[in-house]
Every structure is written in C-alpha cells, then in structure tokens.
Amino acid sequence: MVEAKTDSKVPVVDKDPFDLGILADPFDFHEELREAGPVVWLEQYRLWGLGRYENVHATLNDWETFCSSAGVGISNFRKEKPWREPSILLEKDPPEHTRARSIMTKVLSPVAVRKLRSDFETAAEKIVDEVIQRGEFDAATDLAEAFPTKVFPDAVGLTAHEREYLLRYGNIAFNAFGPRNSLFEASMAEAPEVSEWIIDKCRREALSEHGFGAQIFAHADQGEITEHEAGMLVRSLLTAGLDTTVNGIGCALRSLAANPEQWQILRNNPSLVRNVFDETLRYDSPVQTFFRTTTREVEVEGVKLGEGEKVLMFLSAANRDPRRWENPHDFDIQRKATGHVAFGSGIHGCVGQMVARLEAEVLLSALLKRVKTLELTSEPTVKLNNTTRGWAHIPVSVTAA
Amino acid sequence: MPSITYVHPNGERQTVEVKSGTSVMQAAMAEGISGIVAECGGSAMCATCHVYVDPEFVEHVPDVQEIEDEMLECAASERRESSRLSCQLVVSDEMDGLVVHLPETQV
Ligand code: HEM
Ligand code: FES
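Residues numbered from 1 in each chain as written. Chains lettered and ligands numbered in written order. Predicted model: local features only at pLDDT ≥ 70, side-chain atom pairs only at ≥ 80, totals over all residues. Heavy atoms only, no water.

Participant: Can you lay out the coordination of the iron atom of ligand 1 for me, pointing to particular residues and giving the numbers?
Facilitator: Protein coordination of the iron atom of ligand 1 rests on one atom only, Cys 350 of chain A (SG), at 2.3 Å. With respect to the helices, strands and loops of the structure, Cys 350 of chain A is situated in the loop between helix 15 (315-318) and helix 16 (353-370). (Donors = N, O, S within 2.8 Å, 3.2 Å for Na, K, Ca; no water. Helix = DSSP H or I, 4+ residues; strand = E, 2+ residues; numbered from the N terminus.)

Participant: Before we move on, can you summarise the packing of aromatic side chains with the specific residues and values?
Facilitator: All names here are of chain A. Counted under the stated rule, the structure contains 11 aromatic pairs over all chains. With 6.1 Å between their ring centres and 65° between their planes, Phe 29 and Phe 314 make a pair best called edge-to-face. With Phe 29 in helix 2 (residues 27-36) and Phe 314 in strand 9 (residues 310-314), this pair connects stretches of sequence that are 285 residues apart. With respect to burial, Phe 29 and Phe 314 carry one shared label: buried. Residues Trp 41 and Trp 48 carry aromatic rings whose centres are separated by 4.8 Å and whose planes lie at 70° to one another, so their mutual orientation is edge-to-face. For the pair Trp 41 and Trp 48, one class covers both residues: buried. The ring of Tyr 283 has Arg 320 lying over it, and the distance from NZ or CZ to the ring centre is 4.4 Å. (Phe/Tyr/Trp six-rings, centres within 6.5 Å; stacked < 30°, edge-to-face > 60°. Buried < 20%, exposed > 50% of the residue type's maximum accessible area, 1.4 Å probe, protein only. Lys NZ or Arg CZ within 6 Å of the ring centre and 35° of its normal.)

Participant: Account for the pattern of salt bridges, naming residues and giving values.
Facilitator: Residues and elements named next belong to chain A. This model, assessed by the stated rule, comprises 33 salt bridges over all chains. In this structure, Arg 117 and Glu 121 form a salt bridge, with 3.7 Å as the shortest nitrogen-oxygen distance. Of this pair, Arg 117 and Glu 121 both sit in helix 6 (residues 117-134), 4 residues apart, which is roughly one turn of the helix. Since its relative accessible area comes to 29%, Arg 117 is described here as partly exposed. Glu 121 gets classed as partly exposed once you look at its relative accessible area, which sits at 30%. Across the pair Arg 357 and Asp 278 runs a salt bridge whose closest N-O atoms are separated by 2.7 Å. With Arg 357 in helix 16 and Asp 278 in helix 14 (residues 273-283), this pair connects stretches of sequence that are 79 residues apart. According to the relative accessible area criterion, Arg 357 is buried, its value standing at 2%. (Salt bridge = Lys/Arg side-chain N within 4 Å of Asp/Glu carboxyl O.)

Participant: How would you sum up the interface of chain B and chain A? Please name residues and give values.
Facilitator: Taken together, the contact pairs 17 residues of chain B with 23 residues of chain A. Taking both sides of the interface into account, the surface hidden between chain B and chain A amounts to around 1,500 Å²; carbon and sulfur atoms contribute 58%. The largest share of the area that chain B buries against chain A comes from Glu 39, Met 45 and Ile 67 of chain B, three residues that together contribute 41% of it. Here chain B is connected to chain A by 2 salt bridges. Taking the shortest distance from any N to any O, the salt bridge between Glu 39 of chain B and Arg 357 of chain A comes out at 3.7 Å. (Contact = heavy atoms within 4.5 Å. Buried area = accessible area lost by both parts, 1.4 Å probe.)

Participant: Hey, could you go over the nonpolar core for me, with residue numbers and the actual values?
Facilitator: Ranked by internal contacts, the top residues of the largest apolar core, which has 122 residues, are Phe 147 of chain A together with Tyr 6 of chain B. Among residues more than four places away in sequence, those in contact with Tyr 6 of chain B are Glu 12, Arg 13, Gln 14, Val 16, Val 24, Ala 27, Ala 28, Ile 33, Ile 36, Val 100 and Leu 102 of chain B. (Core = buried A, V, L, I, M, F, W, Y, C linked by side-chain atoms within 4.5 Å.)

Participant: Give me the site of ligand 1: which residues, what numbers.
Facilitator: Residue and element names in this part refer to chain A. His 97, Arg 101, Arg 292, His 348 and Cys 350 are the nearest of the 27 residues found near ligand 1. In the environment of ligand 1, an oxygen atom lies 3.4 Å from a nitrogen or oxygen atom belonging to the backbone of Leu 89. Here an oxygen atom of ligand 1 and a side-chain polar atom of Arg 101 are 2.9 Å apart. For the shell around ligand 1, the elements supplying multiple residues, two or more each, are helix 4 (96-107), helix 11 (227-240), helix 12 (243-258), helix 14 and strand 6 (289-294). Counted by class, the shell around ligand 1 contains 18 nonpolar, 7 polar and 2 charged residues. (Near = heavy atom within 4 Å. Polar contact = N/O pair within 3.5 Å; in protein donor to acceptor, adjacent residues only side chain to side chain. Nonpolar A, V, L, I, M, F, W, Y, C, P; charged D, E, K, R; others polar.)

From the geometry alone we can't say anything about function, so treat these as descriptive.
Next up, the structure:
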C-alpha cells in the first residue's frame, strides 16, 4: 500500500471514479478532477489520477517511467495474481512488447485493412437497408452491435457462431481493469465459462485460413513467435476489437441523433465522415481510463510519485480538457479532432484503430446515403462498465433520403 | 530551440521553432501546417504523416526502427530512401535546421 500523502499541496479527490453514478455520467466529475490540479490523489483507492490532456498525453508517451507490465488496470501484477494470463502486447513493456507489436502492426496495417473495405460495405448496406424499412429501431443493438459483430469476427477468421461470447468477454476484460465493485464481481462470476470458450477459439484449428488470426499464426510458422504466443495475440484481438467498436459506433450514432444539426452538416459534406468518428471518440470516449505503474520515483508538476505506484489516466477527461480543446463539451464534427487520446498514444496506442475507423466510416456512409433525418425517439440508456463507456439502447426514428 | 523547415510540394517553405523532444509531426500539428494528416496521432499506425528528409540531413536523423519501416510501406506517396514517419522523428538540438519535404498526398 502507498503511504498517505502528507504533502498538503497535493489536491485530494475523495469521490470514487468507479462509482456507478459517476460511470453513468462522468463529465462533472472529470471537470472537478481537471480543475483540482494536474496530479491528484484519489483517496478512495490511494493512487494518483491525471485528468488534463498534457499530463495524460505525456504519461502515455513515457513508457520507461510509466510501465504497462504491472498491469493497465488497478491491480498491480507485481503484488497480485492477474485474473488471466497477462497479454503479451497490452501488458508488456519493450523489448517484449516491440516484438509482438511489430507483428500486429503488419497484420493490422492500413494496407491490410483496406482489403476489407468491400466486404464491410456489403454487410453495412444489408444491415442498414433492413433497419430503414422499419423506420424506428434501436441504433445501439440493431446497428452499433449488429454490424461489428458480423464483420469483425469474420475479419479475424472466427468460424464459430456463438458470437455473444465475444461481447461478454470484452465486457469482462474491461470490468476487470477496475476495482472490486459490483461490476467486477459480476464479470468474474461468468469469467471461467466465457474465457474457456475464447481460449478455445484462439487455436489455429478454430480459425479460417484467411483473416487476421491465420496471419498471426503465419508469423509463428516463421519462428518469430511461439504457437502459444500467436494464440495470445488472437486473444488480444478478440478482447480489444469488438466491444470497443460496438461502443464507439454507438457513441457516434447517439451523438449524431442528439445533435440533428450535425447530421445535416454531415449530409451536406459526407467527406467529414472519418472526422465524425474522431470527434465522437474525443467527445464520448469508449475507453475511459487506463492505468500505468511507476518504475521509479518521479516528479510530475511538482508532485513526487514513489516507485511502483499506480497512476490512473482519464483519457476521457483529457479529451474534454479546455486547455487543449475549444468548447470541449460541444459535439462539433468540423473541428480538427485528431490528437485526442481515445486510442491512447505512444507505443501502446491502439493497434486496431484502422479497423475501427473503417468500420465506423463504412457504416456511417451506408446510413448517410439512405437517411435524411435521424432523431432520438426517447432517452438513450447507458451501458455500465468499469473501463468502457457505451449505450445499451438508442431508440431512433429515421426518414429515408 | 531547434528549427524545422517544411517544404510543400509547390516549393513553399514554412519554418518553425520547436522544443527538443517534440516530434516533427507534433510540431507541424501545433503550427497548423497542412500536408501532414497524422490520423493516428503518432502511434505509427496510419502512415499519413510521411515526409522526405532533405538529403543534407539524412545522416543526422536517427535510424528507421522496425515498426516505422513496416508502416512506411503503407504510405500513399512513393517511398524513397529519405522517407520517414514524422511522428517517429523526435527533434533534438543536433537536428537544428532540419528540412523535410512534404509528399504529394498522405491518403
Ligand atoms: C473505437 C474503438 C477502439 C478504441 C476506443 C480502442 C482504444 C484503445 C486504447 C485506449 C488502447 C491503449 C491501451 C493502453 O495504452 O494501455 C488500445 C490498445 C489496443 N487496441 Fe484498441 N481500441 C479500439 C478498437 C480496437 C480494435 C478494432 C482492435 C483490433 C482489431 C483493437 C486492438 C487493440 C490492441 C491489440 C491494443 C494493445 C496495443 C498495445 O498494447 O500495443 N482495438 N485500444
Ligand atoms: S501519425 Fe500516424 S503514423 Fe505517424
């Protein structure tokens, strides 16, 4: 345990960032956090918190001081046994990280991802046509969930059909980064069954010959990684690649439906479609937080952090820091939104972001071509998780173009 | 503070002063220099921050690392000997005066 902070200059925040009420609507809390100071002491968990863009960005880019190998959740792997075998990508530092990362960079490169476009487009058009005929539908389940759940497992090469396991696994993994609250406990209760299914699907034999999975195993054939490591990298894809895009696309649809003038701006200028996604990720970040652990004593903005201490980075708070963004609480699809930290930054910055961007672009484009107005019919309901933010239901009505 | 000059395909030059430790991409973004997209924000994942280092400086910049090398293959404009991802090019005092040429297109 870290000693109580005796230094009276360090702002102390008593509220619990993982309180269910705060998770449901975190923005006021984030403001409090940013305004309290560049580095705050989160008394509830006795660790450090960062809410300002500059500090979050700097921390993400200093892996030598703020490492990932002690876990990127609240649990310190040096002291507690991880709930599952640690990721060889997310939960490693260089040089091991670099080895896995360079393989994933190849597998998920812009050129590799471009090849998926036409398959994605066909699937998007089919799904969108079907909902438009209904006029009213749930944009969370019928679009944001339906589309990635169809195309992403296909892109990985998953042959199994029970795809709800994937969403369940993502939910478990992202809850597991948080403290032992009710969300954590509920996820741990279903973890054994779901993990077993996932691990089974990461085997070479369970994957099609085409797809990201097979390409990862091809690197095992080259001797660059072991068979077991290849399976672990497939697991990374299945953990990080579905829940996140479901939430991201849901956040985009909700933001557009709640801001009809932005939908009209987009209709008039469809070339903004990729920027819409970046602005969404900034405005309503699907991955809210990640932790790092200090590798040495370090001073940040005049505050001394000890060695082996946990630091909680509020990506979402950084993405609305008024020091970095003008009118940060406005959803403005014309702003230059690149530079947000919703995909992280630095060596662990999301390796799957080109896939996520393509999914969002293709789905929104299919919708844009066919829909004149997109409006909420009642209040969306939020989906609770210790790390991710998303929408369980987004009731909307559309009129055809 | 070291200075960097960006040369646009039409020959126009823009020179900026940057703090050591900043990447050539970040400096361009901060100054609003067009011609660098940097969609991924510097995670070496998008190849839209491609630049050509001026021949005079090729010797003075650190070597291309494995991941950057991989990503340069994905750049939209032709890859040359002098090609770099500007997000991976971190400015040091020794690089003062660096000149980089912007490619025709990034996407
Ligand atoms: C909107 C959707 C997505 C969001 C918001 C998101 C967010 C993130 C963030 C914040 C990180 C950084 C973690 C850290 O710094 O500790 C990350 C890493 C990662 N993401 Fe994503 N992600 C998304 C989609 C995807 C997709 C589609 C894939 C797979 C195709 C993916 C695979 C990964 C992997 C494997 C890592 C670990 C990279 C490393 O540690 O080097 N993500 N993601
Ligand atoms: S900013 Fe994306 S590769 Fe450099």
